[in-house]
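What the coordinates show
Letter by letter, the chains look like this.
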Amino acid sequence: MDTHEPVDPLARLLHIMARLRDPDAGCPWDRRQTFATIAPYTLEEAYEVADAVERGDLGALRSELGDLLYQVVYHARMAEEAGAFTFADVAQSISDKLTHRHPEIFGAAAGAVAPAERRSWEDHKLQERKAGAGTDPSALADIARALPALMRALKLQNRAARTGFDWPGLDPVLEKMEEELDELREAASAPDTAARVFEEVGDLLFTGVNLARHTGADPEAALRAANGRFEARFRYVEDRLRERSRRPEDTTPEELDSLWEEAKRHLTARSDGP
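Just so it is clear, the structure is predicted and the values come from calculations on it, not from any experiment.

Once that is clear, we can look at helix 8 (residues 149–161). If you check helix 8, its first and last C-alpha atoms are 18 Å apart, about what 13 residues at 1.5 Å a residue would give, namely 18 Å. Three or more residues of helix 8 are buried, namely R152, A153, L154, L156, Q157, R159 and A160.

What follows is the structure in structure tokens.
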């Protein structure tokens, strides 16, 4: 251990990051990195945090949160080297946001504001966006383009809905879904229309997010759950075939369908068990 390392855990992490990025004695790989090359790792670590939460694994969550914190420290260190801002500035920025968005707790009249009179978190964020809108006055300004498409679709729809641009209820969204399916069928049946099929698939997925939003379901969570069900059922099919020294690719569609229905019954019964 470096005898000059600080004892405080966060100070120690910042010290280690500075050592890794040292232009003379640092790690060659770490010295080569840029904001662009590190960003994919940041996204990956955020998803690994979400995965640990979903699995209820607090030991893994502690580790993954450390990995995510390291990403924040990494970006802050590169910004400090560029003379832009420091890790302390990052911490100050989020602290300022939190106190501004909770005047009923941190404001001069803390504890005296009735719940009905409090501006919501989103209202405060809206005011902050307007204050920092710059040259983009759109209600959709500052929705990160690097977000996963499903998450960005939901944010775009929620932001547009706050301006009144939204379906009045679930039925029109279901009708829109049917319309998009019809357009996809039409595009898929025509020759040389790969570009249009691509577009119609995108429209269908976007409408699916709208459908989830109007039912109160989180589309990301719903799809993650569907992924889990698919994986469990497919593994069940593989296991049954393996017991027969068979593989899915050597099995007829009819038999695969039968095993799939068996998997659904078996796994549903198991999840509904005592």
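From this point, the narrative continues.
This brings us to the side chain of R213. Within the secondary structure layout, R213 lies in helix 10 (residues 194–215). According to the relative accessible area criterion, R213 is buried, its value standing at 17%. Only 2.6 Å separates the side chain of R213 from the side chain of N210, close enough to count as a polar contact. If near-sequence neighbours (up to four positions away) are discounted, R213 is found in contact with L154, Q157, N158, A161 and D166.

A word on the packing of aromatic side chains. In total, this model carries four aromatic pairs according to the counting rule given. Ring geometry for W29 against Y41: centres 6.0 Å apart, planes inclined by 75°, an arrangement best described as edge-to-face. Here W29 is found in helix 2 (residues 28–32), whereas its partner Y41 is found in helix 3 (residues 35–55), with twelve residues between them in sequence. W29 sits in the partly exposed class, given a relative accessible area of 36%.

Of the residues in the chain, 88% reach a pLDDT of 70 or more, and the chain-wide mean stands at 88. Looking at the elements of the chain, mean pLDDT is at its lowest for helix 7 (residues 121–131), recorded as 63, and at its highest for helix 4 (residues 58–81), recorded as 97.

Rules used throughout
Residues numbered from 1 in each chain as written. Predicted model: local features only at pLDDT ≥ 70, side-chain atom pairs only at ≥ 80, totals over all residues. Heavy atoms only, no water. Helix = DSSP H or I, 4+ residues; strand = E, 2+ residues; numbered from the N terminus. Expected span 1.5 Å × (residues − 1). Buried < 20%, exposed > 50% of the residue type's maximum accessible area, 1.4 Å probe, protein only. Polar contact = N/O pair within 3.5 Å; in protein donor to acceptor, adjacent residues only side chain to side chain. Contact = heavy atoms within 4.5 Å. Phe/Tyr/Trp six-rings, centres within 6.5 Å; stacked < 30°, edge-to-face > 60°. pLDDT = per-residue confidence, 0-100.

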